[in-house]
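# Architecture and fold: a report
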Amino acid sequence: MNLPIQRGISAEGILIVIGRSGLSASGLSSPGIDPTSLDTGEGSVVIRNADDRTWVLIVGGDDEGLMAAARLFSGVLPHTRTSQLQNWTQLLKTFQML
């Protein structure tokens, strides 16, 4: 499968960071989450605005937690239906209103 995804922090649009190594490669000085604070098997998907960019961080306390966060991001969130969400930018705006 060949997905139209750009790699690296020079990519345009919303940046997706996966795992601890991705987080360290991102260069984010304040990512808003510390993967070492997550318990074994615990994962998190975080939307963050930093450096005038929008970032989606997918992290876990361990490999199992990272897999849980990745499943949420790829398998659950795309199937969450609401008439108000048109794209990730709108999703971010909705979270900011909460």
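In this text the structure is predicted, and so the values were computed from the model without any measurement. (Residues numbered from 1 in each chain as written. Predicted model: local features only at pLDDT ≥ 70, side-chain atom pairs only at ≥ 80, totals over all residues. Heavy atoms only, no water.)

### Things to note about the overall build of the chain
The condition is simple: A run of H or I in DSSP counts as a helix once it spans at least four residues, and a run of E counts as a strand once it spans at least two, with each numbered from the N terminus. Summary of the burial criterion: residues with accessible area below 20% of their type's maximum are buried, those above 50% are exposed, and those between are partly exposed, where the area comes from a 1.4 Å probe applied to protein chains only. Any two residues having at least one pair of non-hydrogen atoms within 4.5 Å are treated as being in contact. Residue exposure ignores everything except the shown protein chains as possible cover, and the areas themselves are Shrake-Rupley values with a 1.4 Å probe.
On a plain count of helices and strands, the chain comes out with three helices and three strands. Starting at the N terminus, the α and β elements of the chain follow one another as β-α-β-β-α-α. Among the 98 residues that make up the chain, the fraction classed as buried is 29%. Within the chain, counting contacts between residues at least 6 apart in sequence, those at least 24 apart form 47% of the total. For the chain, the accessible area works out to roughly 7000 Å², and carbon and sulfur atoms hold 51% of it.

### A look at the environment of Ile14
Of note, Ile14 is situated in the segment before strand E1 (15-18). You can call Ile14 partly exposed: its relative accessible area is 30%. Separated by 34 residues in the primary sequence, Ile14 and Arg48 have C-alpha atoms spaced 9.9 Å apart.

### Things to note about the side chain of Ser44
As for its placement among the helices and strands, Ser44 is situated in strand E2 (residues 43-50). Judged by its relative accessible area of 18%, Ser44 falls in the buried class. Contacts of Ser44, omitting those with residues within four sequence positions, involve Ile33, Leu38, Leu57, Ile58, Val59 and Ala69.

### Looking at the sheet that holds E1
Here is the rule: Pairing between strands requires that DSSP locate at least two bridges from one strand to the other. Axes here mean lines fitted to C-alpha atoms, for a helix over just the part in contact, with angles spanning 0 to 180 degrees between N-to-C directions.
Within the open sheet, the three strands sit side by side as E1-E3-E2. Their pairing is mixed. Two strands lie at the open edges of the sheet, namely E1 and E2, each paired on one side alone. If you compare each strand with its neighbour and ignore which way they point, the axes differ by 20° on average. Bridging between E1 and strand E3 (residues 53-60) involves four bridges; their strand directions are parallel. Bridged to Leu15 within E3 is Trp55. Contacting E1 and E3, helix H1 (residues 19-26) crosses the sheet at an angle of about 130° to E1.

From the geometry alone we can't say anything about function, so treat these as descriptive.
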